[in-house]
Amino acid sequence: MRKILILGAGNAQIDLIEYCKENGYIVYGCSYTNTDKGIPLLDYFEQINITDIEKVKEYAENIQADLIYSVGSDIAMPTVSRVCELLHLPHFVSYNTALTCNTKDNMRKTLGETFEGNVPYIVIRQKEDLEKINFFPVIMKPVDSQGQRGVYQAGSLQELIDNYDKSIIHSRKKQLIIEKYLDGREISVNAFFEKGNMRFSIVSDRISFSEYPGGIIKKHLLPSGLCKDICERACALARRTASRLSISNGPAYFQMKVVEGIPYLIEAAPRLDGCHMWKFIKYYCGVDLLKASVNLLESAPSSAMNPVYRKGNFALEFICQKPGTPMREWNTDEIDYRRDYYDTGEEVRRLNGYMEKCGYMIYQEK
């Protein structure tokens, strides 16, 4: 039987764990904590920090892993790529590409100032550097965080100073990136590449909580309400971004904002997203990006990507609560799919600190 090592065992990884179990793999996993929800689903587990390349490599060698992969995690992808390079295992992107996408300042720099769709930015290495900023409003982000941790919007220098300490604490490099704030419609592009060709792409509307900073996700909508021309522009931006960042194989996720009909890049990641969009996309049009990813790693015949779209409007909505509150019972009648991250009464963990994901559901809007 083939062996796969999955980095991380949280809610985002459960999809991959279940898929691999259902398809006959022996599933190994590692995480910095031993409390992840996916651990009981694994065949074998070892408590290892997934950013520790040497320890992950040693574990992969010991178990004689055939595949190493992860979904929905920015911090996992550099380790996945580097360990696969060292052990000559199949992988989608180079360590350099994974690391570039994982650090927001490197991604902006690699795209370049003249890249159509890039956003003006400044990298901050100490609080005094904030005085160099001469454009407002802005978004302040740790260069190497994920999940909207430490992200703040600011309309003045004083607001940046007030939030600096709360933001920098989430950066391992102790650096921030200040980007020009774009007041526009949020969208996502989920895509799949093979040998440099974009074999599939789909645009979804991204609805976030307006009352909290950082674009904390509330729901995704399919199909997008944007016109065909803007959707095509968004997919073209995704294609050009992938080319510039050397993403030529596997899944990729792009977060964008549309301002006056022009899409601008917010984030790019060489992975399946962390919002279970692969399941939503499969539900909406039949294209299975998770299956396609594993197949491509195995050099198996390419999965068919001939979408057949449902008629109507559909949503993937997150069940959200404030951190520190007990998970309550939710009435989710008339939905097609639901998964909870917590048991009823279990305390919701603090991640972004505002409104935490407690589960999600997929349904047709009325």
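First things first, this report covers the structure right here in the doc. (Residues numbered from 1 in each chain as written. Predicted model: local features only at pLDDT ≥ 70, side-chain atom pairs only at ≥ 80, totals over all residues. Heavy atoms only, no water.)

1. Considerations on the pairing of strand β6 (residues 138-142)
With 5 of 5 residues buried, β6 is to be regarded as a mostly interior element. Where β6 and strand β7 (residues 152-154) come together, 3 bridges link them in antiparallel fashion. Across the sheet, the residue bridging to M140 is Y152, located in β7. Here 5 bridges tie β6 to strand β8 (residues 176-180), and the two strands are oriented antiparallel to one another. (Buried < 20%, exposed > 50% of the residue type's maximum accessible area, 1.4 Å probe, protein only. Helix = DSSP H or I, 4+ residues; strand = E, 2+ residues; numbered from the N terminus. Pairing = 2+ DSSP bridges.)

2. A short note on unusual backbone geometry
The step from F136 to P137 runs through a cis peptide bond, and the omega angle for that step is -5°. Relative to the helices and strands, P137 resides in the loop between β5 (121-124) and β6. Cis peptide bonds are those with omega within 30 degrees of zero, and the linkage from L222 to P223 qualifies with -5°. Note on placement: P223 falls in the loop between β11 (217-222) and α7 (228-245). Positive phi, close to 50°, is recorded for E260, a residue that is not glycine.

3. Observations regarding the nonpolar core
Side chains that are nonpolar tend, in soluble globular proteins, to be buried together. Formed by 86 residues in total, the largest nonpolar core has its most connected members in F200, F254, M256, I281 and L289. Non-local contacts of L289, meaning those with residues more than four positions away in its chain, are made with N190, F192, F200, L272, W278, I281 and M305. Ranked by size, the runner-up nonpolar core spans 17 residues in total, among them Y28, I50, Y59 and A65. (Core = buried A, V, L, I, M, F, W, Y, C linked by side-chain atoms within 4.5 Å. Contact = heavy atoms within 4.5 Å.)

4. Examining the pattern of salt bridges
For the coordinates displayed, the defined rule picks out 24 salt bridges. The closest approach of N and O atoms between D15 and R339, which form a salt bridge, is 3.8 Å. Here the residue D15 occupies a position in helix α1 (residues 11-22), and R339 occupies one in strand β15 (residues 337-340), the gap between them amounting to 324 residues. Judged by its relative accessible area of 6%, D15 falls in the buried class. One salt bridge in this structure joins D288 and K282, with 3.4 Å as the shortest N-O distance. In this structure D288 comes out as buried when scored by relative accessible area, which is 13%. (Salt bridge = Lys/Arg side-chain N within 4 Å of Asp/Glu carboxyl O.)

5. Some points on the pairing of β11
Two faces belong to every sheet, and in a regular strand the side chains alternate between them. Among the 6 residues that make up β11, 5 are buried, leaving the element largely enclosed by the rest of the structure. Examined bridge by bridge, strand β10 (residues 197-208) and β11 share 4 bridges and lie antiparallel to one another. Opposite R206, over in β11, you have H220 as the bridge partner. Pairing geometry for β11 and strand β14 (residues 314-321), over 4 bridges, is antiparallel. Each residue of the ladder has a partner; that of K219, found in β14, is E317.

6. Brief notes about the sheet that holds strand β4 (residues 67-69)
Taken together, 4 strands build an open sheet; the order of strands is β3-β2-β1-β4 and the sheet is parallel. With partners counted over all chains shown, the strands left at the sheet margins are β3 (44-47) and β4, one partner each. Neighbour-to-neighbour, the strand axes of the sheet open up by a mean angle of 20°, direction not taken into account. The strands that α1 touches are β1 (3-7), β2 (26-31) and β4; relative to β1, the one it contacts most, it runs at about 175°. (Axes fitted to C-alpha atoms, helices over the stretch in contact; angles between N-to-C directions.)

7. Re helix α9 (residues 289-297)
Along α9, 8 of the 9 residues are buried, which leaves the element largely enclosed by surrounding structure. Taken together, the buried positions of α9 are L289, L290, A292, S293, V294, N295, L296 and L297. Among the structural elements, α1, β4, β9 (185-194), β10, β12 (250-259) and α8 (277-285) are those in contact with the buried residues of α9. Taking the backbone nitrogen of L290 as reference, a side-chain oxygen 3.2 Å away marks D288 as the first, capping residue of α9. The positive-phi residue at the C-terminal boundary of α9 is S299, with phi of around 60°. (Polar contact = N/O pair within 3.5 Å; in protein donor to acceptor, adjacent residues only side chain to side chain.)

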